[in-house]
Amino acid sequence: MSTEIDSVRWAAYRIPTDGPEEDGTLRWDATTMVVVHATAAGVTGLGWTYAPAAAGHLIGEMLADHVVGRPAFDVPGINAAMARAVRNAGRPGVAAMAISAVDTALWDLKARLLGVRLATLLGPARPSVPVYASGGFINWDDHRLRSWLDANAEIPRAKIKIGGPRDRERIGVLVDSGREPFVDANGAYSAKQAIRLADEFPQLRWFEEPVSSDYPDGLRRVRDAVGVDVAAGEYGYDLPYFARLLGSVDCLQADVTRCGGITEWQRVAGLAAAHGLELSGHCAPALHADAALATPNLRHLEYFHDHARIESMLLDGVTSPGEGGELRPDLSAPGHGLTFRTADAERYLVAAAPRA
C-alpha cells in the first residue's frame, strides 16, 4: 500500500462569537478557523488553526507542494520542509499557523493509517488531561461572569481576562466563586502595575502574560516579585521564541495551532523539561488533547470559551471535561478521533482551496 500524500486541501470559516468579546489589548466578534484535510491511501487526516484566511492561501501557495508526494509517515521531515519553504516569507505569525494546521492533519493521518489513537502513537504519559475554564472577558458584566462560572462548575480552575477598569471587582467575583483563580492580562500592564495587582490578590495562582511576552525581562521582573505563578508563550511561533522565555516564567505555554503543530509542541515540551518547567496548552482543547496526554511535564490545558464552543458546533468526537475538570478521550478511536462537519460549517465559509 502506497502511503504517499496525494492531496492537501484547506478551507477557512469565520464563526461569529456568541457576543462581543474583549481582553486587555484587543476586541473581536468572530473567530476564523482554517481547516486542513490531508489524504493518503484513501485515508484522511484533519488539522486546523485559529488564524486569518491568509493562512489557508499560504498553504496553497507555499506549503502544499512540499507535502504532496511525500510519505505520510515522515511527519517531522515534512515539517522541516515546510519551515524551509517559508524562509523568505517569514515563519512567525501566519506562516507558523499554516504549518501548524498541516502538521496536525499529518499526525492525525499517520495515526489513522496505522489504525491507532494519536495519543497511543505519540506514547501516553497520563490517563487524563486537566483543564481550566477560560473566558471572563473584560466587557462581561458581573451577571454574565457569574453565569459563565456557574456553567463551568465542573472545572475547579477558572481564568478571566483582565486589563480593564473593573479588574479588582471582577477578580473579587472570581475569588468568591471558590475556584482556583487564574487571570490573563494579555500583556496589558507594565511590570510595576502587574506587581501591585498581584500583591492585592495573594489568592491568585496563575498570572498569564502580565506584561507582553515580547519582553522577557519584564516578565522576569514580575515573576521575581510576586508569589503567583507567571506564565507566557502562547505567541511562540518557533523554538527560539520559547528559549528566550526560559528564566522569565514559572510555567511555559505553547499552542499546537501556532507553534508549528504537534512536531514542534513535542520539542517545546522537551525544552521546558530540560529547564525544570511544566508546559501548559493554550486554547483549541479538542486538538491539544492527544498531544497533552503524551506530555509528561504537562500542567494543564486551556478550555477556552470561543474554541470549546466552535469545536462542539463543528466537530464530532469532541471530549467534554468530566469529573475534576479532566479530559478523558476515547482511546479506541483512531487518530485524534475528530471529524469536521463540513455541511454544518458551510454557512461560515469565507475562502477555500481552488477545486482541481
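1. Re the sheet that holds strand β2 (residues 27-40)
Pairing in this open sheet of 4 strands is antiparallel, and the strands run β3-β2-β1-β15 from one edge to the other. The strands lining the two open edges of the sheet, one partner per strand, are β3 (43-50) and β15 (349-352). With strand direction ignored, the average angle separating the axes of adjacent strands in the sheet is 20°. Packed onto the sheet, helix α1 (residues 54-63) meets β1 (5-22), β2 and β15 and runs at close to 170° relative to β1. Contacting β1, β2 and β3, helix α12 (residues 305-314) crosses the sheet at an angle of about 125° to β1.

2. Some thoughts on the packing of aromatic side chains
With the rule as written, the count across this model stands at 10 aromatic pairs. Ring centres of Trp28 and Phe137 lie 5.6 Å apart, and the angle between their planes is 90°; on these two criteria the pair is classed as edge-to-face. Note that Trp28 is positioned in strand β2 and Phe137 in the loop between β4 (129-135) and α5 (142-151), a separation of 109 residues in sequence. Here a set of aromatic residues connected by ring pairs shows up, and it is made of Trp28, Phe137, Trp140, Trp148 and Phe304. The ring of Trp140 has Arg144 lying over it, and the distance from NZ or CZ to the ring centre is 3.9 Å.

3. Brief notes about the environment of Gly261
Considering the arrangement of structural elements, one finds Gly261 in helix α10 (residues 261-274). Separated by 207 residues in sequence, Gly261 and Ala54 place their C-alpha atoms 18 Å apart. With residues near it in sequence (within four places) discarded, Gly261 still touches Ser100, Asp103, Thr104 and Val256.

4. Observations regarding the nonpolar core
Within the largest apolar cluster, 120 residues are counted, with the highest numbers of intra-cluster contacts made by Trp48 and Phe207. Residue contacts for Trp48: discarding those within four places in its chain leaves Met33, Val34, Val35, Ala101, Thr104, Thr257, Ala286, Leu287, Glu311, Leu315 and Leu338. Counting residues in each nonpolar core, the second largest holds 5 residues, with Tyr132, Phe182, Trp206 and Cys251 among its members.

5. Some thoughts on the pattern of salt bridges
Scanning the entire structure with this criterion turns up 22 salt bridges. Between Arg144 and Asp18 there is a salt bridge whose closest N-O contact spans 4.0 Å. Of the two residues, Arg144 is situated in helix α5 and Asp18 in strand β1; the sequence distance between them amounts to 126 residues. Residue Asp18 is classed as partly exposed on the basis of its relative accessible area, which comes to 43%. For Asp255, the salt bridge goes to Arg258, with nearest N and O atoms at 3.8 Å. Here Asp255 and Arg258 have matching classes, each one buried. Three or more residues joined by partner-sharing salt bridges are found here, namely Lys159, Lys161, Asp184, Glu208 and Glu302.

6. Let's talk about α10
Look at α10: 20 Å from first C-alpha to last across 14 residues, which is about the 20 Å you get at 1.5 Å a residue. Residues Gly261, Ile262, Thr263, Glu264, Trp265, Val268, Ala269, Leu271 and Ala272 constitute the buried set of α10.

7. Here we look at the side chain of Glu264
Tracing the sequence through the fold places Glu264 in helix α10. Glu264 sits in the buried class, given a relative accessible area of 5%.

8. Section: the side chain of Asp238
Looking at the secondary structure, you find Asp238 in the loop between β8 (229-232) and α9 (239-245). Of the polar contacts made by the side chain of Asp238, one reaches the backbone nitrogen of Tyr241; its length is 3.1 Å. Apart from residues no more than four positions distant in its own chain, Asp238 is found in contact with Arg91, Pro92, Cys259 and Glu264.

9. Some remarks on the pairing of β2
Of all the 14 residues making up β2, 11 are buried; the element is thus mostly covered by neighbouring parts of the structure. Note that β1 and β2 share 13 bridges and pair antiparallel. Each bridged residue has a counterpart across the sheet, and for Ser7 the counterpart in β2 is Thr39. Counting the residues in the hairpin turn of β1 and β2 gives 4 residues. Relative to β3, β2 is paired through 8 bridges, and the arrangement is antiparallel. Paired with Val35 across the two strands is Trp48, which belongs to β3. In textbook terms, the turn of a hairpin is the stretch between consecutive antiparallel strands, and for β2 and β3 this stretch comprises 2 residues, one of which, Ala41, has a positive phi near 55°.

Procedures and definitions
- Residues numbered from 1 in each chain as written.
- Predicted model: local features only at pLDDT ≥ 70, side-chain atom pairs only at ≥ 80, totals over all residues.
- Heavy atoms only, no water.
- Pairing = 2+ DSSP bridges.
- Helix = DSSP H or I, 4+ residues; strand = E, 2+ residues; numbered from the N terminus.
- Axes fitted to C-alpha atoms, helices over the stretch in contact; angles between N-to-C directions.
- Contact = heavy atoms within 4.5 Å.
- Phe/Tyr/Trp six-rings, centres within 6.5 Å; stacked < 30°, edge-to-face > 60°.
- Lys NZ or Arg CZ within 6 Å of the ring centre and 35° of its normal.
- Core = buried A, V, L, I, M, F, W, Y, C linked by side-chain atoms within 4.5 Å.
- Buried < 20%, exposed > 50% of the residue type's maximum accessible area, 1.4 Å probe, protein only.
- Salt bridge = Lys/Arg side-chain N within 4 Å of Asp/Glu carboxyl O.
- Expected span 1.5 Å × (residues − 1).
- Polar contact = N/O pair within 3.5 Å; in protein donor to acceptor, adjacent residues only side chain to side chain.

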